[in-house]
Amino acid sequence: MNKKMYKRNKRVAGRVLDGKFCLMNPKTCELIVMNETGTFLWDLLKEEINFETIMSKMICEFDAPEEEIKKDLVEFLNKLTENELLV
Amino acid sequence: MMGIPSLYEKLYFDTEIANEPVSAFLEINRTCNLKCLHCYHGDDRLVFMDEETYTRAIEEMEKADTLFLVISGGEPMLHNDFKKIIELCTDKGFAVSIFSNGTLIDDDIIKCLSNSSVNEVNISIYSLIPEIHDKITAVKGSLNKSLEGIKKLLQAGIRTAIKMVITNYNYNDVKSVYEYCLENGIKFKTDPMITPMNSGDEKPIQFRAQKKELSVALAQFPEIREEIDADETKTCNAGKNYYAIDVEGNILPCIQFPVILGNVFEDNLKELWKNHEFLKKIRGLKVEELKECMDCSVKSFCDRCPGLAYIESGDVRGKAESCCYVAEIRHEMKENEK
């Protein structure tokens, strides 16, 4: 079981604009616009949260096979971690 | 499923078209430890934004969904609450850039910036020759302090830019400052525009580079020469997706557009942004209405500023002599290339 905790890096600026989260990575100045799923996840990540909790919330929210959700979630969290958007 | 494209320019363009206040300028004080000859502030410099005002301003800006925020002064690091303000802006999710002279940057400031959502610190440098830079700032030793500040920013990996205003004292120094930036991974921004003070006082104009001098300056920086190929007389973003809040909490279209639209203690910024008649007027401004500018032979070389037009002619549709001055020089340079 993945016990790792995830939380937004407080250095990352962000706003919901037109229903989508726009983030700015202060290190690269890159602007990232989340799609609907990313926006849902970024909202969850405002508080420290573990993988299993995110997974259960995703399963409730999205009508997709569990394995597909898990694969996408791992990829998403890895990408955000690599870009220092999470701590 | 979870695409994350980079869309900064699209966002800026979309919000300008949709008139969403995505970008703002917060003046936290007018006080400065330097006395730059060309500064647009008048004699009302001993003013700091108090805690109640900056807290309210930041709340209003957050509610209005502003993302990009410039924090400026005066010299903003002179504010006793500078670090507190940066922390507050970070907590509220703003992407912050700072305009500073860099002379007050110490380890505490670096620590604060390194843990914040500050994405760029802009430092004013006028020359790498102390006698010239310090003559413009009117404070001996200021260049060395500013360069020390830049060094600390770079060591901490904080994105840094140099802003160089061109005057009649430093027009020969653009190339050396530009090369210093290239060598050190610093973004170079230059501004040939010396404007009257916000009060209308024309004292700074005497420090404007003469036409020949400005040609010399602009020729030293290749990017500027590319900019002059613009085909249209533009209207700027002020009041479209950009606004300013001054040290007293007044809401303005831009810090150099002194029309008070409201105040953070009296108005709901989000509502004011949607409904203010003056904002509707500047958003609806058509290029055809800019009569003097439309007939101008150098309009395609002009970065027209409605705020300066208002200060200089009393009419947002009028012409700003400061902009005409730079446009004429750019035009002459283009002609000389042929």
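Relevant structure appears above.
An account of the accompanying structure is given in this report.

How each quantity is defined
Residues numbered from 1 in each chain as written. Chains lettered and ligands numbered in written order. Predicted model: local features only at pLDDT ≥ 70, side-chain atom pairs only at ≥ 80, totals over all residues. Heavy atoms only, no water. Pairing = 2+ DSSP bridges. Helix = DSSP H or I, 4+ residues; strand = E, 2+ residues; numbered from the N terminus. Buried < 20%, exposed > 50% of the residue type's maximum accessible area, 1.4 Å probe, protein only. Right-handed = clockwise from strand over helix to strand, strands pointing away. Axes fitted to C-alpha atoms, helices over the stretch in contact; angles between N-to-C directions. Contact = heavy atoms within 4.5 Å.

### Quick notes on the sheet that holds strand β4 (residues 118-124) of chain B
Residues and elements named next belong to chain B.
Alright, step 1. Pairing is mixed in the open sheet, where nine strands are placed in the order β6-β5-β4-β3-β2-β1-β7-β8-β9. Each edge of the sheet is formed by a strand with only one pairing partner; in this case those strands are β6 (187-191) and β9 (262-263).
Alright, step 2. Pairing of β4 with strand β5 (residues 160-165) involves four bridges; the strand directions are parallel. Within the sheet, the bridge partner assigned to Val121 lies in β5 and is Thr160.

### Observations regarding the pairing of strand β2 (residues 68-72) of chain B
Residues and elements named next belong to chain B.
Alright, step 1. Of all five residues in β2, five are buried, a share of seventy percent or more.
Alright, step 2. Residue alternation in β2 divides its side chains into two sets, Phe68, Val70 and Ser72 and Leu69 and Ile71, and both sets are buried.
Alright, step 3. Where strand β1 (residues 23-27) meets β2, five bridges bridge the pair, whose relative direction is parallel. Each bridged residue has a counterpart across the sheet, and for Leu26 the counterpart in β2 is Ile71.
Alright, step 4. Both β2 and strand β3 (residues 95-100) contribute to a ladder of four bridges, which runs parallel. Among the inter-strand pairings, Ile71 is bridged to a residue of β3, identified as Ile98.
Alright, step 5. Between β2 and its parallel partner β3, the chain crosses via helix α3 (residues 82-91), and the hand of that crossover is right-handed.

### Quick notes on the sheet that holds strand β3 (residues 20-24) of chain A
Think of a sheet as strands paired side by side through backbone hydrogen bonds, with each pair either parallel or antiparallel.
Residue and element names in this part refer to chain A.
Alright, step 1. Reading across from one edge, β2-β3-β4 is the order of the three strands in this open sheet, with antiparallel pairing throughout. Each edge of the open sheet carries a strand with a single partner, namely β2 (13-17) and β4 (31-33). Strand after strand, the sheet turns through a mean of 20° between neighbouring axes, direction not considered.
Alright, step 2. Two strands pair when backbone bridges link them, and β2 and β3 are joined in this way by five bridges, in the antiparallel orientation. Looking at β3, one finds that Ala13 is bridged to Met24.

### Notes on the pairing of β2(A)
Alright, step 1. A large share of β2(A) lies buried, amounting to four of its five residues.
Alright, step 2. Count of turn residues in the β2(A)/β3(A) antiparallel hairpin: two residues, of which A:Asp18 carries a positive phi of about 55°.

### With respect to the environment of B:Asp65
Alright, step 1. On the secondary structure map, B:Asp65 appears in the loop between α2 (51-63) and β2.
Alright, step 2. Taking the relative accessible area as the measure of exposure, B:Asp65 reaches 28% and is therefore partly exposed.
Alright, step 3. Expressed as a C-alpha distance, the spacing of B:Asp65 and B:Ser23, which sit 42 residues apart in the sequence, is 9.1 Å.
Alright, step 4. Not counting residues up to four positions away in its chain, the partners in contact with B:Asp65 are A:Arg15, A:Val16, A:Leu17, B:Pro21, B:Val22 and B:Lys270.

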